[in-house]
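Close look at the chain arrangement
Below, each chain spelled out in residue letters.
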Amino acid sequence: SQKIEQNSEALNIQEGKTATLTCNYTNYSPAYLQWYRQDPGRGPVFLLLIRENEKEKRKERLKVTFDTTLKQSLFHITASQPADSATYLCALSVAAGNKLTFGGGTRVLVKP
Amino acid sequence: DTAVSQTPKYLVTQMGNDKSIKCEQNLGHDTMYWYKQDSKKFLKIMFSYNNKELIINETVPNRFSPKSPDKAHLNLHINSLELGDSAVYFCASSQGARRGGQPQHFGDGTRLSIL
């Protein structure tokens, strides 16, 4: 069965450092991979999308890579700030239809 | 202006009752979704409607019945509530359902607690 794994342990990081999160998947051939941010008591907010034929995507301090051979995506937050503290979710979808399958999320805590 | 709004935000009720959750989006999107997020924080798709047509119907008990009166509204009715239904239910919307890779916009959830 399809499996999407994110590190369930919280990531504690010092302000200014780079946070790196992983999203691994098995039994899946996604055409798209998305990253969302979720704050406590709020719904997920879309951050970035990367296609299967793209290696890397950037948006401001965020960078996403997508390796379909390793079946892995890495999500980087550079120059992290306390305001970046949240849970980050990866979500995969195939080419047809917009059904998203989410990973369990990784909580990030940026300490000043 | 809130893009995707759900009501109520909190719902506490007894086992066996019937309840409804409402969702509205003002983004002009043609596709709406219901997700369930359980206590372990996994977010799972339940249903999706595109222009009032049901296009995703995951393995969900038939006590759950979605209804889309128009493409801006998607409601979820739950009959005979059970303890296991306690969760946060999220509504979302996107533009286009036939092609993948469309970002989804989420509401802030309805926290359902069954006593």
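It should be emphasised that the depicted structure is a prediction, and the values quoted were computed from it without experimental measurement.

The rules behind each value
Along each chain, residues carry numbers from 1 onward, in the same order as the chain's sequence is written. A letter from A marks each chain and a number from 1 marks each ligand, given out in the order of writing. With pLDDT at 70 or above as the cut-off, local features in this predicted model cover only qualifying residues; side-chain atom pairs require 80 or more to be listed or tallied, and sums for whole chains, interfaces and linings still use all residues. No hydrogens and no water enter the side-chain calculation; it runs on all heavy atoms of the structure. Points on a 1 Å grid over protein atoms alone make up a cavity when a 1.4 Å probe fits among them but cannot get out, and a pocket when they form an open set with protein on both sides within 12 Å along at least five of seven lines; lining residues each have an atom within 4 Å of a point. Grid points are joined across faces, edges and corners, and a volume is the space filled by probe spheres set on the points. Residues are sorted three ways: Asp, Glu, Lys and Arg are charged, Ala, Val, Leu, Ile, Met, Phe, Trp, Tyr, Cys and Pro are nonpolar, and all the rest, Gly among them, are polar. The helix count covers DSSP runs of H or I at least four residues long, the strand count covers runs of E at least two residues long, and both are numbered beginning at the N terminus. The disulfide criterion is simple: two cysteine sulfur atoms within 2.5 Å. Classification of residues uses two cut-offs on accessible area relative to the type maximum, computed with a 1.4 Å probe and protein chains only: under 20% is buried, over 50% is exposed, and between them is partly exposed. Strands pair, by our definition, only if DSSP identifies at least two bridges between them.

**Observations concerning the layout of surface pockets**
- Taken as a whole, the largest pocket holds about 1000 Å³ of empty space.
- Lining the largest pocket we find 46 residues, and of these Gly103(A), Gly104(A), Lys41(B), Phe42(B) and Leu43(B) sit closest to its centre.
- Classifying every residue of the lining of the largest pocket gives 17 nonpolar, 14 polar and 15 charged.
- Of the volumes computed, that of the second largest pocket is approximately 290 Å³.
- Around the second largest pocket, the lining comprises 18 residues; the ones closest to its centre are Arg42(A), Val4(B), Phe106(B), Gly107(B) and Asp108(B).
- Secondary structure elements with two or more residues in the lining of the second largest pocket: strand 5 (45–51) of chain A together with strand 1 (4–7) and strand 10 (105–106) of chain B.

**Observations concerning the state of the cysteines**
- The full count for this structure, using the stated rule, is 2 disulfides over all chains.
- Between Cys23(A) and Cys90(A) runs a disulfide, and the two sulfur atoms are separated by 2.0 Å. Handedness here is read from the sign of the S-S torsion; for Cys23(A) and Cys90(A), about 65°, the answer is right-handed. Note that Cys23(A) is positioned in strand 3 (residues 19–26) and Cys90(A) in strand 9 (residues 86–93), a separation of 67 residues in sequence. Across the pair, Cys90(A) and Cys23(A) agree in class, each one buried.
- Two residues share a disulfide in this structure: Cys23(B) and Cys91(B), whose sulfurs sit 1.9 Å from each other. Of note, the bridge from Cys23(B) to Cys91(B) carries an S-S torsion of about -80° and is left-handed in sense.

**Structural notes on the pairing of strand 8 (residues 72–77) of chain A**
Residues and elements named next belong to chain A.
- As paired strands, strand 3 and strand 8 are joined by 6 bridges and run antiparallel to one another. Its bridge partner being in strand 8, Thr20 is matched across the sheet by His76.
- Between strand 7 (residues 62–67) and strand 8, which pair antiparallel and follow one another directly, the connecting turn spans 4 residues, one of which, Lys71, has a positive phi of 55°.

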